[in-house]
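Chains, contacts and geometry: an overview
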Amino acid sequence: MQSMRILIIEDDREAAAYLVKALAEAGHVADHAADGEAGLAMGLDGDYDVLVVDRMLPRRDGLSVIEELRHRDIATPALILSALGRVDDRVTGLRAGGDDYLTKPYAFSELLARVEVLARRRSPAEGSTLLKVADLELDRLSHSVRRGETSILLQPREFRLLEYLMKHAGQVVTRTMLLENVWDYHFDPQTNVIDVHISRLRSKIDRGFDPALLHTVRGAGYVIRDGAQ
Amino acid sequence: MTALSRLFRTTSFRLAAAFILVFALNGFFVIGYIAYNTRVLINSQHVEMIDAEIAGLAEQYRVGGLRRLVGVIDHRSRRPGASLYLVTDPTGRNIAGNVGALPPGLLDEPGARQTAYERLDAPTDKPDELRQHAVVRVFVLPGGFRMLVGRDIAEREQFRDIIAGAFRWSVLMTVLLGVAAWYFVSSRVLKRIDAVAEESRHIMVGDLAGRIGLAGTGDEFDRLAESLNAMLDRIEQLLRGLTEVSDNIAHDLKTPLTRLRNRVEGALRNAPSEEGYRAALEATIAESDELIRTFNALLMIARVEAGSPDGAMTDLDIGTMLADVAELYEPVAEEAGVEFVVEAPAGIVVRLNRELVGQALANLIDNAVKYAAETGDDRKPRVELAACTDGGRILLTVSDNGPGIPEADRTRVLDRFVRLEQSRTKPGSGLGLSLVAAVAHSHGGEIRLEDNAPGLRVVLDLPASGGGS
């Protein structure tokens, strides 16, 4: 993953310092703004890949910062952080121009995965009809999947799961991201539902092939990538 | 504000004033109508009588000429009654009749009119004053003689006085009765309203368990008190929910927090190696994740219980909805060796919150798979997810053939953090069913736990139109 420039607009200095440090460890450059006005000014100036915006900020609230940026044609993807986690809060956040919504408290791995996915949103893989990872190919038009010379038969939901993973090939996607994007549910699925779906998918695309492409990232989620890289 | 202006601002005063006005107007119209019509009737009677009299006199004149006419009038004039007669010669001198005085010039013009007059036999202390009134008709007879036939209208005037008196009395009575009604309303009805207001104030500042007393008459005040009591029930229930949440937090979050703290402390004191620290930290993260999860679930239940289901109600095909959730859990069931059956008829559209009902069903399926997997004997573990309609309701059922829940425990398990002995060993927070119950209530429905013989059947009974609350 290449380095990204990230703007963190967050009034809790300790949380912000932790984020800046953790993002730096992940190879990214993060700036910090402590209130809404400063965040807006920096968002207008700097050339950032992603904004991480706390919803409740002094001087100007997070949603209004995003609205103002969108109003001025700045389309930098924004991840909203909020202590409010109701379905309609999420909807309001996304309606204001946010691109993703994460409820506090969150695991850093969850935030990192979402930020990286947002930053790569506008990458060419997003729109292409043929997704490829090593010798695994997914054709979005004909809904067919093949690994090398072997054609693989997937259930519709397995297809969407693989499609999402391959669209973000090389990036870690978390269980909640999969539940949100593949199943369109935002609740906490208690048990390891997603893991079971992944292991099913894995048995279809990886079993009997070498190298394995679908990897589990401990404490974070899953990633599909060419093992050789 | 003065006492008087406060009095004017009471509803009873305004009501009484309005009623007095309405009834006074009503009396005015009724009496006015009667007065006008009787006047018309009496007038027409007078005219008829005069006409009959004239017809008789004309006959006499035709038979016996002026002499006979004078004779008859002279004779009739002596009879008591309201009839008036007068005959004058060409010089204007009275020849016969009972009319003593008339306004000057009245006899010059023939025709009918109303006039003042004085009777011949009236006391003559004020000779020039004409105190009586009559309807008269004047004729010119051959030879310059003039005849007047009329009828005194004192009767009609008396009647008018009676009507005017009745009108005054009715207004007086209306006002008196209105004031009496006002007194009654303010002393009886307003007292009850004030009592209700007073009692609710007491409840507000004091014990929320108090309720407003009912008079037992079932009238509007009882109905008002009943709704207020229902509102108090709801407030108390919400408050109890809030108290429960804080109690639960105190109780069930403190324990893991203490455990967390102890673990960190123990690691600081004892851990010999980096390996040991790492293990302790990883365990700490896992534990705090569990805590966050519990905390989120608690908040969610409280939110769902407190209000509308996020306002995100949509019309959904229940078959698709069930298939979605089932598809999510089907691999889990398969992995646990549980047969998973879905029976949802197509084409039933229900208004609900997909996210909440989805989560409720997920919780139920999760439980069902967990318990079906331990059927114990030779039964093949089986979970069934089904939907059917019943009148205006939609029943979503999740049944398993696991050990089930004893009847005595079925209500209790819906409470927060309640976990039956047999399930203590399994992962879970004891909040799953509480959330399902909260979701059912927020949709205007209910949750029922039934015996699946063997196993447990949970029924989500929801209004198909999306009742909401």
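As a reminder, the structure under discussion sits directly above these lines.
Residues numbered from 1 in each chain as written. Chains lettered and ligands numbered in written order. Predicted model: local features only at pLDDT ≥ 70, side-chain atom pairs only at ≥ 80, totals over all residues.

What about the overall build of chain B?
When you go through chain B residue by residue, the secondary structure sums to 8 helices and 13 strands. Here the analysis covers contacts within chain B between residues at least 6 apart in sequence; of these, 62% occur between residues at least 24 apart. (Helix = DSSP H or I, 4+ residues; strand = E, 2+ residues; numbered from the N terminus. Contact = placed C-beta atoms within 7 Å.)

Focus on the sheet that holds strand β9 (residues 150-152) of chain A
All names here are of chain A. Strand order in the open sheet formed by 4 strands is β6-β7-β8-β9, and the pairing between neighbours is antiparallel. A strand with exactly one partner marks an edge of an open sheet, and here the two such strands are β6 (130-133) and β9. Each neighbouring strand pair of the sheet contributes to a mean axis angle of 20°, computed without reference to strand direction. Pairing of β6 with strand β7 (residues 136-139), which is carried by 4 bridges, proceeds in the antiparallel orientation. Counterpart to L131 in the pairing with β7 is L138. Packed onto the sheet, helix α6 (residues 156-167) meets β6, β7 and β8 (144-147) and runs at close to 70° relative to β6. (Pairing = 2+ DSSP bridges. Axes fitted to C-alpha atoms, helices over the stretch in contact; angles between N-to-C directions.)

Remarks on the sheet that holds strand β8 (residues 339-343) of chain B
Residue and element names in this part refer to chain B. Here 5 strands make up an open sheet; going across it, the order is β8-β10-β11-β13-β12 and the pairing mixed. Each edge of the sheet is formed by a strand with only one pairing partner; in this case those strands are β8 and β12 (446-451). Here the average twist between neighbouring strands, direction ignored, is 15°. As paired elements, strand β11 (residues 393-400) and strand β13 (residues 456-463) share 7 bridges and run antiparallel to each other. Bridge assignment links V398 to a residue of β13, and that residue is V458. Across the sheet, helix α7 (residues 354-372) touches β10 (382-390), β11 and β13, and the angle it forms with β11 is around 25°.

Side note on the environment of B:L84
Note that B:L84 resides in strand β1 (residues 83-88). In this structure B:L84 touches B:N98, B:V99, B:A134, B:V136, B:G150, B:R151 and B:D152, once residues within four positions along its chain are discounted.

Topic: unusual backbone geometry
Residues and elements named next belong to chain A. In this chain, K104 is followed by P105 through a cis amide linkage whose omega measures -5°. If you trace the backbone, P105 turns up in the loop between β5 (100-103) and α5 (108-119). Of note, D73 is a non-glycine position whose phi angle comes to about 65°, a positive value. Within the secondary structure layout, D73 lies in the loop between α3 (62-71) and β4 (78-82). A positive phi is found at H143, a non-glycine position, where the angle reads about 55°. You can see H143 is positioned in the loop between β7 and β8.

Side note on the environment of A:N192
Residues and elements named next belong to chain A. Within the fold, N192 resides in the loop between α7 (175-182) and α8 (193-205). Given 13 C-beta atoms within a 10 Å radius, N192 is considered partly exposed. Sequence spacing of N192 and R175 is 17 residues, and the spatial spacing of their C-alpha atoms is 9.1 Å. (Buried ≥ 20, exposed ≤ 12 C-beta atoms within 10 Å, placed from the backbone.)

Notes on the nonpolar core
Counting residues in hydrophobic clusters, the biggest one holds 107 residues, and the most contacted among them are A:V52 and B:I365. Top contributing element to this core by residue count: α7(B), with 11 residues. One finds B:V70, B:I73, B:L102 and B:I153 within the second-largest nonpolar core, a separate group that totals 20 residues. (Core = buried A, V, L, I, M, F, W, Y, C linked by C-beta atoms within 7 Å.)

A few points about helix α4 (residues 220-270) of chain B
With 51 residues, α4(B) should cover 75 Å at 1.5 Å per step; its first-to-last C-alpha distance of 73 Å lies within 8% of that length. Of all the bends found along α4(B), the most pronounced is centred on B:K254 and spans about 35°, while B:P256, a proline, follows it within four residues. (Expected span 1.5 Å × (residues − 1). Bend = angle between axes of the 7 residues up to and from the residue.)

Examining the packing of α6(A) against α7(A)
Residues and elements named next belong to chain A. The interhelical angle for the contact between α6 and α7, taken along N-to-C directions, is 125°, at an axis separation of 10 Å. Judged by the inter-axis angle, α6 sits oblique to α7. By crossing handedness, the relation of α6 to α7 is classed as right-handed. Counting all contacts with α6, which are made through R157, R160, L161 and Y164, the residues of α7 involved are L178, N181 and V182. When its residues are assigned to classes, the contact of α6 with α7 shows 4 nonpolar, 1 polar and 2 charged. (Parallel < 35°, antiparallel > 145°, perpendicular 65-115°, else oblique. Left-handed = near helix turned anticlockwise from the far one by under 90°. Nonpolar A, V, L, I, M, F, W, Y, C, P; charged D, E, K, R; others polar.)

Concerning helix α2 (residues 11-77) of chain B
Residue and element names in this part refer to chain B. A rise of 1.5 Å per residue sets the reference length of α2, with its 67 residues, at 99 Å; its end C-alpha atoms lie only 65 Å apart and thus fall more than 12% short of the reference. Its maximal kink placed at G64, α2 deviates by approximately 130°. Within α2, burial applies to A16, H46, I50, L57, L69, V70 and I73. Looking at the buried positions of α2, the neighbouring elements they touch are β1, β2 (94-97), β5 (132-140), β6 (146-152) and α3 (154-205).

Quick notes on the pairing of β5(B)
Working note: regular strand, side chains alternate between the two faces of the sheet. All names here are of chain B. Pairing between strand β4 (residues 111-119) and β5: 7 bridges, direction antiparallel. Each residue of the ladder has a partner; that of Q114, found in β5, is V135. Of the strand pairs in this sheet, β5 and β6 are connected by 7 bridges, and their pairing is antiparallel. By the bridge assignment, V138 is partnered in β6 with L148. Hairpin connection between β5 and β6: a loop of 5 residues separates the two successive antiparallel strands, and G143 in this loop has a positive phi of roughly 85°.

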